[in-house]
Amino acid sequence: MFIQRSMTRKVITIHPEAGVIEARDLLQQHKIHSLPVVGLEGTLIGIVTDRDVRSALPATILSEAELGQLKERVAQLKVKDIMTTQVVTLSPNNTLEDALLLMQQIHVGALPVIDRDRKILGIIAFRDILRGFAEVLGIDEPGTLLCILADDRQGQMKRIVDAITEEKIRFGSVLVARGWEKGKRAFFPYLFTHNIVGIKKKLEGLGFTLINPIEMYLEPLPPA
Amino acid sequence: MNRTGLLYDERYLRHRTGEGHPEVPDRLQAILKGLEDGNLLPRLTRVEARPADQRRIETVHDVAHIRRFEEACLMGKSELDHPDNQICYETFETALLAVGGILEAARLVLEGRLDNAFCAVRPPGHHAEVDRALGFCFFNNVAVTARFIQQEWGLKRVGIIDFDVHHGNGTQHIFERDHTVFYYSIHEHPTFAYPGTGREFERGLETGYGYTLNSPVLPGYGDLEYRDAIQRDLIPAFDRFQPEIILVSAGFDAHQDDDMSNINLSTAGYSWIMEQIMALAERHARGRVISILEGGYCLERLPELARNHVGILLGNHEIMK
Ligand SMILES: [Zn+2]
């Protein structure tokens, strides 16, 4: 899962000589939280976030006299004066998992994606990652989740996938949960079909147990 | 006792889905057997099936979808859009006959000749989208019926209750921007069950916001959870909406013995739900209910489920015992 597929390619950027007010307006207009700052050749030289802009602009609680003075200074203030130049970036060969872990670690909501010459190729935001994982799970297509309990030994996943493929069923993903019970693993294939009767029988015939996923995550059900 | 219509036609058996497919003609025969054994047939008014005028289908579906479906059948294709949707030469005709029969039942109810009706049709409809077949469904029977009732009979508020164990994605999408058709569905939670929609935060769009309501139920649950959800979600919503007629997407696949879900409704649980629907219809819709078959694949349970369902439509509660 490479970020290339999930990133936004039409990046809203700003020039370092642009005013801070312009940056604020761009952020608001496009409902985004960060703007890559790009020089003349399209190379990334910094990033400016809505937080940078907010702390550079005067608060509304100031008196009019104070505001008047500040306004002049603010009007002169440029993006290059407030931007962060130490930008954490990703390359198109990074994966969605890289982006997710990195964002968690450095607490940012979006990362620019650049090539070797620091030319900007795209930007990946947290919401892009979520969409990417939804696609990976396959849950944007109609389907059914099966919950299969298997012995924890090699080759079980292959047997399950083979059985599904033999039934000519396409599937979106297979999640695996360890530690279900000693010596067992639970597999959760997401099948793009409504017709699950045949595959269920087949899996049971192969010695797998079909389980109710609730038993795995919740306290025992109250008696009906 | 109510004047209850029964729509059933041997020609509904002609849609064949091939080996290994649960949506089989035997389902209808099991239902009919249940009604026969319960000695209900003499008390029911037979509704005649007739092919729907294609313009009726076009109130919901794209012309291109209708054409594609017809051509696929006539050209001897074995599926439409997905291997789930198995077709044969007669499937298109059968689907027209299903819609046409239901509209006929609706007409009789709206003319006051019947109080309510049960439509034992194939193929089912609630997964069918405007432009594609999905989940064994080709035409969205209940959606076409709702539009017919509004356009031909001028009713303003139509309530749809879908208790098939799967979410009726098609019906929801068709009416999600429409505040004149309230779509309520109770089903197995979409993380686990087909088709993967019908979460509680799907509440409709734009002016239709608040006129879609979903009660997802986690796998393994049954009567108690359904009872809670229907009392908490459906009844207050329909008491506010005050539908002038209630259409039911009647799917019997939430039964504990049905392989197509992990929901454990009992036979009595199904009866309880239908009684609540009848009470809502009495309060708001002059008792007008048109129940349309969707899923339900356990051939051993379908007879009793259909018998009780129709028994409740007849208003004869003794039948259930
Ligand atoms: Zn169903």
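Since the structure is predicted, the reported quantities are computational estimates derived from the model, not experimental observations.

K.L.:
Any chance you could break down the interface of chain B and chain A for me, citing the residues and the numbers?
P.N.:
Contacts between the two partners involve 26 residues from chain B and, on the opposite side, 21 residues from chain A. Viewed at the interface, chain A and chain B are joined by zero salt bridges. Across the side of chain B that touches chain A, the residue classes break down as 13 nonpolar, 10 polar and three charged.

K.L.:
Before we move on, can you summarise the coordination of the zinc ion with the specific residues and values?
P.N.:
Tetrahedral coordination by four donors places them ideally at 109.5 degrees to one another around the metal; octahedral coordination by six donors ideally gives 90 or 180 degrees. Residues and elements named next belong to chain B. Coordination of the zinc ion by the protein comes from Asp 164 (OD), Asp 164 (OD), His 166 (ND1) and Asp 253 (OD), over a distance range of 2.0 to 2.7 Å. Angles of 53 to 153° at the metal separate the four donor atoms of the zinc ion, which places the site in the irregular class. Along the chain, the residues that donate to the zinc ion are spaced as D-x1-H-x86-D.

K.L.:
Hey, could you go over the nonpolar core for me, with residue numbers and the actual values?
P.N.:
Across soluble globular proteins, nonpolar side chains have a tendency to be buried as a group. By size, the foremost hydrophobic cluster in this structure holds 103 residues, and its most contacted members are Ile149(B), Phe163(B), Tyr184(B) and Ile290(B). Considering every element that reaches this core, the biggest residue donor is helix α4 (residues 91–110) of chain B, with 13 residues. Not counting the four nearest positions on each side in its chain, Ile290(B) is found in contact with Ile102(B), Ala106(B), Val109(B), Ala117(B), Cys119(B), Ile149(B), Ile245(B), Ile246(B), Leu247(B) and Val248(B). Counting residues in each nonpolar core, the second largest holds 17 residues, with Ala150(A), Phe187(A), Val197(A) and Phe136(B) among its members.

K.L.:
Explain the domain arrangement of chain A to me, using residue names and the numbers behind them.
P.N.:
Segmentation of chain A into domains returns domain 1 (3–134) and domain 2 (144–215). The C-alpha-based centres of domain 1 of chain A and domain 2 of chain A are spaced at 44 Å.

K.L.:
Quick one: what's the story with the sheet that holds strand β7 (residues 181–188) of chain B, residue by residue and with numbers?
P.N.:
Think of a sheet as strands paired side by side through backbone hydrogen bonds, with each pair either parallel or antiparallel. Residues and elements named next belong to chain B. The sheet built from eight strands is open, its strands ordered β2-β1-β5-β10-β9-β6-β7-β8 with parallel pairing. Of all strands in the sheet, those with a lone pairing partner are β2 (45–47) and β8 (212–217), marking the two edges. Sheet twist, expressed as the average angle between the axes of neighbouring strands with direction ignored, equals 15°. For strand β9 (residues 245–250) and strand β10 (residues 289–293), the ladder comprises five bridges, and the chain directions are parallel. Note on β10: the bridge partner recorded for Ala 250 is Leu 293. Lying over the sheet, α4 contacts β1 (4–7), β2, β5 (116–119), β9 and β10, oriented at roughly 170° with respect to β5. Contacting β6 (158–162), β7, β9 and β10, helix α5 (residues 141–153) runs over the sheet at an angle of about 170° to β9.

K.L.:
Describe in detail the side chain of Thr4(B), supporting the description with residues and values.
P.N.:
Residues and elements named next belong to chain B. Inspection of the secondary structure assignment puts Thr 4 in strand β1. Judged by relative accessible area, Thr 4 falls into the buried class, the value being 0%. Here the side chain of Thr 4 touches Asn 116 through a polar contact of 2.7 Å, side chain to side chain.

K.L.:
Would you mind going over the packing of helix α7 (residues 223–241) of chain B against helix α8 (residues 267–284) of chain B in detail, with residue names and values included?
P.N.:
Residue and element names in this part refer to chain B. Contact pair α7 / α8: the axes reach a minimum separation of 11 Å and the direction vectors enclose 10°. Taken together, α7 and α8 sit at an angle that is classed as roughly parallel. The segment α7 lies against α8, with Asp 223, Tyr 226, Arg 227, Ile 230, Gln 231, Leu 234, Ile 235, Phe 238 and Asp 239 engaging Gly 269, Trp 272, Ile 273, Gln 276, Leu 280, Arg 283 and His 284. The residue inventory of the contact of α7 with α8, partitioned by class, reads eight nonpolar, four polar and four charged.

K.L.:
Describe unusual backbone geometry, naming the residues involved and giving the relevant values.
P.N.:
Residue and element names in this part refer to chain B. Of note, the amide linkage connecting Arg 122 to Pro 123 takes the cis form, showing an omega dihedral of -10°. Within the secondary structure layout, Pro 123 lies in the loop between β5 and α5. Here Tyr 194 and Pro 195 are connected by a cis peptide whose omega angle stands at -5°. Tracing the backbone shows Pro 195 in the loop between β7 and β8. Here Glu 206, not a glycine, exhibits a phi torsion of approximately 50°, which is positive. Turning to its location among the elements, Glu 206 is positioned in the loop between β7 and β8. The class for Glu 206 is exposed, based on a relative accessible area of 59%. Phi at Arg 286 is positive, roughly 50°, even though this residue is not glycine. With respect to the helices, strands and loops of the structure, Arg 286 is situated in the loop between α8 and β10.

Reading guide: rules and limits
- Residues numbered from 1 in each chain as written.
- Chains lettered and ligands numbered in written order.
- Predicted model: local features only at pLDDT ≥ 70, side-chain atom pairs only at ≥ 80, totals over all residues.
- Heavy atoms only, no water.
- Contact = heavy atoms within 4.5 Å.
- Salt bridge = Lys/Arg side-chain N within 4 Å of Asp/Glu carboxyl O.
- Nonpolar A, V, L, I, M, F, W, Y, C, P; charged D, E, K, R; others polar.
- Donors = N, O, S within 2.8 Å, 3.2 Å for Na, K, Ca; no water.
- Tetrahedral: all angles 85-135°; square planar, octahedral: opposite > 155°, others 65-115°.
- Core = buried A, V, L, I, M, F, W, Y, C linked by side-chain atoms within 4.5 Å.
- Buried < 20%, exposed > 50% of the residue type's maximum accessible area, 1.4 Å probe, protein only.
- Helix = DSSP H or I, 4+ residues; strand = E, 2+ residues; numbered from the N terminus.
- Domains from an automatic or database assignment.
- Pairing = 2+ DSSP bridges.
- Axes fitted to C-alpha atoms, helices over the stretch in contact; angles between N-to-C directions.
- Polar contact = N/O pair within 3.5 Å; in protein donor to acceptor, adjacent residues only side chain to side chain.
- Parallel < 35°, antiparallel > 145°, perpendicular 65-115°, else oblique.

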